[in-house]
Amino acid sequence: MNATTQQDNVLKRKSDDVGWEYGSLIDPSNLDKVKCMFCNHVSTGGIYRLKQHVAHVSNAVAKCKKSSQEAKDRCKKSLEEASKKRREKTIPIPFNACDNDDFKLMCEAIGRFGPGFEPPSKHDLRETLLSQEHARVKNLLQERDAEKMKNGCSIMTDAWSDRKRRSIMNLCTNCADGSSFIKSKEMSAVSHTSEVIFQLVDEGIEEIGPEHVVQVVTDNASNNIGAKKILLEKRPNMFWSSCATHTINLMLQGIGNLPRFTKVLDKAKAFTIFVYGHTRTLDCMRHFSSGKEIIRPGVTRFASAYLTLESLLDKKDQLRKMVVDGRWDSLREVKSKNGKAATTTIMSMPFWKDVKLCLNVFEPLVKVLRLVDGHVKPSMGFVYGEIVKAKKEIKEVYGNVASRYKDVIDVVEKKMKDRLDSPLHLAAYLLNPYYSYADTNIFDDGTITEGFISCVETFYHGDDSKQDQAVNVELRKFQNREGSFAKKLARTCQNFEYNAASWWKLYGNEVPTLQRMAMRILSLTSGALACERNWSTFENIHTKKRNRPTTERLNDLSFIQFNSRMMAKKQMIKEKKIADVLFSTETTEAQGFLFEGGDECDVVIYRDEDEEEMDNTVPMEVDEQLEPRRSARLRQLYEAEEFDSEEEEFDDEEEKHPDDEDDY
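All values derive from a computational prediction rather than experimental measurement.

S.K.: What is the right way to look at the overall build of the chain in this model?
M.R.: Scanning the chain from terminus to terminus reveals 27 helices and eight strands. Within the chain, buried positions represent 49% of all 664 residues. Sequence-distant contacts in the chain: of pairs separated by 6 or more residues, those separated by 24 or more amount to 67%. Carbon and sulfur atoms make up 49% of the accessible area of the chain, which totals about 34,100 Å².

Shown next as structure tokens:
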């Protein structure tokens, strides 16, 4: 075989596609560039474009002037068959779609119409119906707009990169009635500098109205801190707060990285990885747990760790019974090195003691996380007080012995400093009678009162009269429970579930300056979680399967989907249909309990302020190379799927027989 023939074989694809009879690759490493054998024209869209070129069927590509009629007919027929297959292709719908209220309403509406129903055209969906739905959702949000004008709101912003490294910035708003989406903006062409972030936030403030915006909430990236300085120079009467969800997750991350906790988590992961790595061990576990899973995926890695440890402890008796049962012992995988380690872990009493200790330490902070993530009520007035309570409970776990709890409390205080102890947080703590009336020493705490005064100076910036009235006159009336504050009905503030802003509306009429400030501050959120949860919404809309939607249409779709989801979620929480806001139906943030190195696949990565921000690469979405290695899809624990089996390292005395291999 000569060199020319060898080169031709390399450039010809091993494919049944008729197009390769009329073209060849220019470069074996580039499948997009194909040269026509008739006229030597190079198509840059792969073999599909070449067939269009030969067949003369598209205006998107130059027509071949030398192709034969036979070649035209064959290529045209191939293109028609491919088009027909695409139209006939069945698009799978996830099973959990049946839980979506909109899906149920759609089915009901189609059923009422009866036979002969014709679905809307593509134009109707993209233009008429999209505009109508946007108007409908906007109308549903009018109550929230009214709340923003009455008690103010928060602006929330967050940046992330999708799987194609497109850099996106989301802008949302939150008031006492819930969160709503403003817009998303692709920022791939610019660096995420402080000036760029400031400009985006400032545009959002102008859109809502500066008089209605009380605070901006972001994470602690250095560029956000820089944007904060620029904003406060222009708008000195606004607050810029750190996201409480972000900060509390950093606390849990820091505590989880302490050696005593890492050891427990590693053992728990090794056990679950072994069990879920083999179909027989997984089947055995489900038999003894009555079909229940031991992995409980959460909305973040640390939520997953807490929920899974809690699940393991709940099933402690079943798991211990399992590993001493003959059914478990008869499994070949159990005789491997990892299998023996898994058995030892479950039978180890020190392990269970350490699991309980981990949960007791994590639980106080998880309670705070549930508060700020719950969307049940505005959390600004409660977050500082609950962290103070959490620190006290952690100390009690260790018997109030400083040498035992010091490293844990140090982590909490380090992450809390300059984030959740700002003047705004301290003022909200003091103005919430749930705490200040229960412990009157709060009014005498120099740090708290200093923070309160600083907050008043910002809120009533430039108005010395109102500052004096709030600090030197009205605060004393609130502290001494004078006038309406002394009413018996005002004791409702002793209930943790009460609404602090509504309480001030009822009983603060005699202190109008302080009342206005309290109602606005206590109506605020403390986290930007709603904005962060918009990543998946935007990426699902902006996929290669769509016909490159315009920026306006893209924002309309995001506006409709995000706001509809938020309203539906708030309704479900109100009706108590969501048992735990930290639980997730997807295993995205529980990969570390499924396979080695799974933590590297986290979608949500919490950055500390000491970490440098990289231009255009905000690590909020995993790249393709960080996808789970053992499967092209994320494993769904609560759907009937099988798990791949891995080869285990067996001890030398154990002989492997080919006949015993799993048949998957």
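S.K.: It is not clear to me how the pairing of strand β8 (residues 239–242) should be interpreted in this structure. Could you clarify?
M.R.: Across a regular strand the side chains alternate sides, sitting on one face of the sheet and then on the other. Alternating positions in β8 separate into two faces, F239 and S241 on one and W240 and S242 on the other, with burial throughout. Pairing between strand β7 (residues 213–218) and β8: four bridges, direction parallel. Looking across to β8, one finds that Q215 is bridged to F239. As for the winding sense of the linkage, the β-α-β connection from β7 through helix α8 (residues 222–234) to β8 is right-handed.

S.K.: Is there a simple way to think about the sheet that holds strand β1 (residues 23–27) in this case?
M.R.: The pairing of strands in a sheet happens through backbone hydrogen bonds and is either parallel or antiparallel. Spatially, β1-β2-β3 is the arrangement adopted by the three strands of the open sheet, whose pairing is antiparallel. The strands lining the two open edges of the sheet, one partner per strand, are β1 and β3 (42–43). Judged from the four bridges that link them, β1 and strand β2 (residues 30–36) form a sheet pairing that is antiparallel. Looking across to β2, one finds that D27 is bridged to N30. This element, helix α2 (residues 46–55), spans β1, β2 and β3 of the sheet and lies at about 20° to β2.

S.K.: I tried to follow the environment of L554 on my own but got confused; where do I start?
M.R.: Within the element layout of this structure, L554 appears in helix α27 (residues 551–574). For L554, a relative accessible area of 9% puts it in the buried group. Separated by 371 residues in sequence, L554 and K183 place their C-alpha atoms 9.4 Å apart.

S.K.: Whenever I open this one, the side chain of H425 confuses me. Can you help?
M.R.: Within the secondary structure, H425 sits in helix α19 (residues 423–431). Ignoring sequence-local partners within four residues, the contact set of H425 consists of S241, M380, V383, Y384, R419 and L420.

S.K.: Would you take a moment to explain the packing of aromatic side chains for this structure?
M.R.: The geometry of an aromatic ring pair is captured by two quantities: the separation of the ring centres and the angle between the planes. Enumeration over the complete set of coordinates arrives at 24 aromatic pairs. With 6.2 Å between their ring centres and 80° between their planes, Y437 and W503 make a pair best called edge-to-face. Placement of Y437 in the loop between α20 (433–436) and α21 (446–459) and of W503 in helix α23 (residues 500–507) is noted, with a sequence separation of 66 residues between them. With a relative accessible area of 2%, W503 lands in the buried category. Pairing F485 with W503 gives two aromatic rings, centres 5.6 Å apart and planes at 20°, and the pair type is stacked. Placement of F485 in the loop between α22 (464–479) and α23 and of W503 in helix α23 is noted, with a sequence separation of 18 residues between them. Like F485, the residue W503 is buried in the burial classification. Every member of this aromatic cluster is reached through a ring pair, and the members are F382, Y384, Y429, Y434, Y435, F496 and Y498.

S.K.: I tried to follow the environment of W352 on my own but got confused; where do I start?
M.R.: Along the chain, W352 falls in helix α16 (residues 349–373). Along the sequence, W352 and K316 sit 36 residues apart, while their C-alpha atoms lie 8.1 Å from each other. For W352, the contacting residues outside a window of four places in its chain are L312, L313, K316, L319, R320, T345 and I346.

S.K.: Sorry if this is basic, but what is going on with the pairing of β2 here?
M.R.: What sits between β1 and β2 in their antiparallel hairpin is a turn of two residues. Of the pairings in the sheet, the one linking β2 to β3 comprises two bridges and is antiparallel in character. Bridged to V34 within β3 is S43. Turn length for the β2-β3 hairpin, with the two strands adjacent in sequence and antiparallel, is five residues, and the turn residue N40 shows positive phi of about 65°.

S.K.: Sorry, what's going on with helix α4 (residues 101–113) here?
M.R.: Quick reminder: α-helices carry 3.6 residues per turn. Residues three or four places apart thus point the same way. For α4, spanning 13 residues, the distance from its first C-alpha to its last is 19 Å, which sits close to the expected 18 Å at 1.5 Å a residue. Of the residues flanking the end of α4, it is G114, one or two places downstream, whose phi is positive at about 90°.

S.K.: Where do I start with the pattern of salt bridges in this structure?
M.R.: If charged atoms from side chains of opposite charge come close, those side chains can pair. In the structure shown here, the tally under the stated rule is 16 salt bridges. Linked through salt bridges whose partners overlap, the residues forming this network are D202, E206, K234 and R235.

S.K.: Can you help me understand the confidence of the model for the chain in this one?
M.R.: A low pLDDT means the predicted coordinates there should not be read in detail. When pLDDT is averaged along the chain, the result is 82, and 80% of the positions lie at 70 or above. When the criterion is pLDDT under 50, residues 3–7 qualifies, and its contacts beyond four places in sequence or with other chains add up to one contact. Contacts for the low-pLDDT stretch residues 610–664, under 50 throughout, to residues beyond four places or in other chains number 137 contacts.

S.K.: Got a minute to help me understand the packing of helix α10 (residues 259–276) against α16 in this structure?
M.R.: To characterise two packed helices, one gives the angle between the axes of the helices and the distance between these axes. Closest axis-to-axis distance for the α10/α16 pair is 10 Å, and the angle between their directions is 115°. Here α10 runs over α16; the crossing is left-handed. Between α10 and α16, the residues in contact are F261, V264, K267 and A268 and F351, D354, V355, C358, V361 and F362, respectively. Looking at the contact of α10 with α16 residue by residue, the classes come out as eight nonpolar, no polar and two charged.

S.K.: Teacher, can you tell me more about a nonpolar patch on the surface here?
M.R.: A cluster of nonpolar side chains, M106, I110, F113 and F117, forms an exposed patch at the surface whose accessible area comes to about 380 Å². Position of F117 among the secondary structure elements: in the loop between α4 and α5 (122–140). By relative accessible area, F117 is classed as partly exposed at 36%.

S.K.: For this particular structure, what's the right way to read helix α17 (residues 380–397)?
M.R.: Across its 18 residues, α17 extends 27 Å between first and last C-alpha, which sits within 8% of the 26 Å expected from 1.5 Å per residue. Taken together, the buried positions of α17 are M380, G381, F382, V383, Y384, G385, E386, I387, A390, K391 and I394. One or two steps after α17, the chain reaches G399, where phi turns positive at roughly 65°.

S.K.: Got a minute to help me understand the nonpolar core in this structure?
M.R.: The nonpolar side chains of a soluble globular protein tend to be buried with one another. Membership of the largest hydrophobic core comes to 109 residues, with the highest contact counts inside it found for F478, W503, W504 and M517. In terms of residues, this core owes the most to one element, α16, which gives 13 residues. Residues in contact with W504, not counting those within four places in the same chain, are L431, P433, F478, F485, V511, L514, Q515, A518, M519 and L522. The next biggest cluster of nonpolar side chains, apart from the first, holds 20 residues, and it includes A159, C175, V216 and M238.

Calculation criteria
Counting from 1, residues in each chain are numbered in the order their sequence is written. The predicted nature of this model means local features are confined to residues of pLDDT at least 70 and side-chain atom pairs, given and counted, to a pLDDT of 80 or more, with totals for whole chains, interfaces and linings taken over all residues. Each side-chain value is worked out from all heavy atoms of the structure, with water and hydrogens disregarded. Working definition: helices are DSSP H or I runs of at least four residues, strands are E runs of at least two. Numbering for both runs from the N terminus. A simple rule labels every residue: compare its accessible area, found with a 1.4 Å probe on the protein chains alone, to the largest value its type can have, and call it buried under 20%, exposed over 50%, or partly exposed in between. By definition in these notes, contact holds between two residues if any of their heavy atoms fall within 4.5 Å. For every accessible area listed, the method is Shrake-Rupley and the probe measures 1.4 Å; residues are considered covered only by the protein chains on display. Note: two strands are recorded as paired if DSSP finds a minimum of 2 bridges between them. Look down the strands so they point away from you; if the path from the first strand over the helix to the second goes clockwise, the crossover is right-handed. Fitted lines through C-alpha atoms serve as axes, helices being fitted only where they are in contact, and the angles separating the N-to-C directions of these axes extend from 0 to 180 degrees. Note on aromatic pairs: the rings of Phe, Tyr and Trp (six-membered ring only in Trp) are paired at centre separations within 6.5 Å, and the planes decide the class, stacked below 30 degrees, edge-to-face beyond 60, tilted for the rest. To estimate the expected span of a helix, subtract one from its residue number and multiply by 1.5 Å. For this analysis, a salt bridge means a side-chain nitrogen from Lys or Arg found within 4 Å of a carboxyl oxygen belonging to Asp or Glu. Confidence per residue, as judged by the predictor, is encoded in pLDDT with a range of 0 to 100. By the definition used in this description, the sense in which the near helix is turned from the far one sets the handedness, with an anticlockwise turn below a right angle giving left-handed and a clockwise turn giving right-handed. Any residue that is not Ala, Val, Leu, Ile, Met, Phe, Trp, Tyr, Cys, Pro, Asp, Glu, Lys or Arg is counted as polar, Gly included; the first ten are nonpolar and the last four charged. In this scheme, patches are assembled from residues that exceed 30% relative accessible area and form no salt bridge. Like charges are connected within 9 Å, while nonpolar side chains (Val, Leu, Ile, Met, Phe, Trp, Tyr) are connected within 5 Å. Remark: nonpolar core denotes a set of buried residues (Ala, Val, Leu, Ile, Met, Phe, Trp, Tyr, Cys) joined through side-chain atoms within 4.5 Å.

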